[in-house]
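The lines below spell out each chain.
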Protein chains: 2
Amino acid sequence: MKKPLILVTNDDSIYAKGILALVEAMKEIGEVVVVAPSLPQSGMGHAVTLKNPITIEERNIFGPDVKAYTCSGTPVDSVKIARDVVLHRKPDICVSGINHGSNSSVNILYSGTMSAAVEAAIEDIPSIGFSLDDQHRDADFTLSKIVAKKIVTQMLEHPMPKNNLLNVNIPKCSEAECRGYRMVRQAHAKWTEEFEERVSPRGQQYFWMTGKFVNLDAGNDTDEVALSENYVSIVPIEFDLTHYENLKFIQEKWEL
Amino acid sequence: MKKPLILVTNDDSIYAKGILALVEAMKEIGEVVVVAPSLPQSGMGHAVTLKNPITIEERNIFGPDVKAYTCSGTPVDSVKIARDVVLHRKPDICVSGINHGSNSSVNILYSGTMSAAVEAAIEDIPSIGFSLDDQHRDADFTLSKIVAKKIVTQMLEHPMPKNNLLNVNIPKCSEAECRGYRMVRQAHAKWTEEFEERVSPRGQQYFWMTGKFVNLDAGNDTDEVALSENYVSIVPIEFDLTHYENLKFIQEKWEL
């Protein structure tokens, strides 16, 4: 079998430890090309750069056998420009991460890591976002590398019929402590108490976004529960956002 | 019945014509509070501001009976800070827009307008994003105002059991030309040929994101088709992104 072409991106920037771990894991599986933001882009969600031009620059960061480019834009920009300008063809798979910090539950919406993966999936490219439940810049990605290799191999061997897109979160523990894999759904959760007020030396009031993550979900079959019990959580992701049940509801009840 | 408290936001900035139209329509229904970006934020998706502080400033833009605040951050920031800092309680409904340009199909993911509405829905606030299929800054919002008033009234009268969240797109036509309302699903579509290459006076290569929107969906029951036939399209939106069919698939087929 021909070696698969693997596009690697992230949102913590091309210089983050997590993307290096992902590149190392992917080099054992296929030909790796990296296009990733030149600056950290956490919390950028599915943002795209419309009002400024975008630049890319080749960088020899990951050794001679890995083509790597920085992108001046967002994670989603990186995937778009990788496909159209760098690769000129679809990669066999796109992997994003490994994010410093989990992207379980509703955090998928804020996450640049996951939005990059979603963007690839819109392009019909099999795609996985990986996140480690440890925000530290020197986090230990040993377990994450094993997980990434295993899951990418499974996706290449058993592709889903369509919408090949996964949100994978890895617990902060050693390989020995990790209890395995759980295929689960996105937990219903949210952030509360989100702003901390301060006053500048010039007397202007300003706010820092902060907050506490609250799991509102009573179910045991969620990514939040899996992760808290030292399992790797795997959630297949949909980007048709239609709520079909509510569609039926308004078709029956509404008068317009 | 007590007048509902209506939070209005958008992504084209508080100074756009579209948000003025929405405020005018909502004033006929309830008490209106506006918190919207001070600068245009198109294409910001679900981005949040984590690395900089956020400021808000009161502005008398919409007359004495409408409290209005600019927010230095993104549309999603605006909704978060509206709830936590400005209102200190849940509004009865949040409306976002009226966007200059449609947000049908997959454009919901890139849209700051729709991400603001999604953010409100995560907070369990009934929420609607409105977009007019006309990007012009002087677009005619006459039909849009009628539509917004009608749909908000329906949502307040017949709330969906949960996940009260709609993506509403309005065709670029007069009230007489508009053929009515269609409750439909999100079309499967994407952007192609996305970058235009240029060279700066100093010889640096750069790219503008551009592209052509391509509807890949053969169905007639989509927002794209409705809009193209001069109907208002209404798509109920889900923010649990779990792909349940694929979840079953990997639970059966994958070996981990």
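Notes on the structure in this doc start here. (Residues numbered from 1 in each chain as written. Chains lettered and ligands numbered in written order. Predicted model: local features only at pLDDT ≥ 70, side-chain atom pairs only at ≥ 80, totals over all residues.)

1. Notes on the interface of chain B and chain A
Working step 1: On the side of chain A, 62 residues touch chain B, which itself brings 62 residues to the contact.
Working step 2: Counting only elements with at least two residues in the side of chain B that touches chain A, the list comes to α2 (75-87), α3 (107-110), α4 (112-122), α5 (142-157), β8 (181-183), β11 (205-209), β13 (232-236) and α7 (244-253) of chain B.
Working step 3: Within the side of chain B that touches chain A, the residues separate by chemical class into 34 nonpolar, 17 polar and 11 charged. (Contact = placed C-beta atoms within 7 Å. Helix = DSSP H or I, 4+ residues; strand = E, 2+ residues; numbered from the N terminus. Nonpolar A, V, L, I, M, F, W, Y, C, P; charged D, E, K, R; others polar.)

2. Quick notes on the environment of proline 201 of chain B
Working step 1: Examined against the element boundaries, proline 201 of chain B turns out to sit in the loop between β10 (195-199) and β11.
Working step 2: Separated by 69 residues in sequence, proline 201 of chain B and leucine 132 of chain B place their C-alpha atoms 38 Å apart.

3. Let's talk about the packing of helix α1 (residues 17-27) of chain B against α5 of chain B
Residues and elements named next belong to chain B.
Working step 1: Remark: α1 packs on α5, axes separated minimally by 9 Å, with the N-to-C direction vectors making an angle of 45°. Here α1 is positioned oblique relative to α5, judged by the angle of their axes. Our pair here, α1 against α5, has a crossing hand that is right-handed. Facing α1, whose interface residues are Ala21, Leu22, Glu24, Ala25 and Met26, α5 presents Ser144, Lys145, Ala148, Lys149 and Val152.
Working step 2: For the contact of α1 with α5, a count of residues per class yields 6 nonpolar, 1 polar and 3 charged. (Axes fitted to C-alpha atoms, helices over the stretch in contact; angles between N-to-C directions. Parallel < 35°, antiparallel > 145°, perpendicular 65-115°, else oblique. Left-handed = near helix turned anticlockwise from the far one by under 90°.)

4. Remarks on the sheet that holds strand β1 (residues 5-9) of chain A
Residues and elements named next belong to chain A.
Working step 1: Strand order in the open sheet formed by 9 strands is β3-β4-β2-β1-β5-β6-β7-β13-β8, and the pairing between neighbours is mixed. With partners counted over all chains shown, the strands left at the sheet margins are β3 (56-58) and β8 (181-183), one partner each. On average, adjacent strands in this sheet sit at an angle of 20° to one another, irrespective of strand direction.
Working step 2: Of the strand pairs in this sheet, strand β5 (residues 93-100) and strand β6 (residues 127-132) are connected by 5 bridges, and their pairing is parallel. Bridge pairing in β6 links asparagine 99 to serine 131.
Working step 3: Contacting β1, β5, β6 and β7 (165-170), helix α4 (residues 112-122) crosses the sheet at an angle of about 170° to β6.
Working step 4: Sheet strands touched by helix α5 (residues 142-157): β5, β6, β7 and β13 (232-236). Its angle to β5, the strand with the most contacts, is close to 160°. (Pairing = 2+ DSSP bridges.)

Any functional reading would require information beyond the geometric quantities listed.
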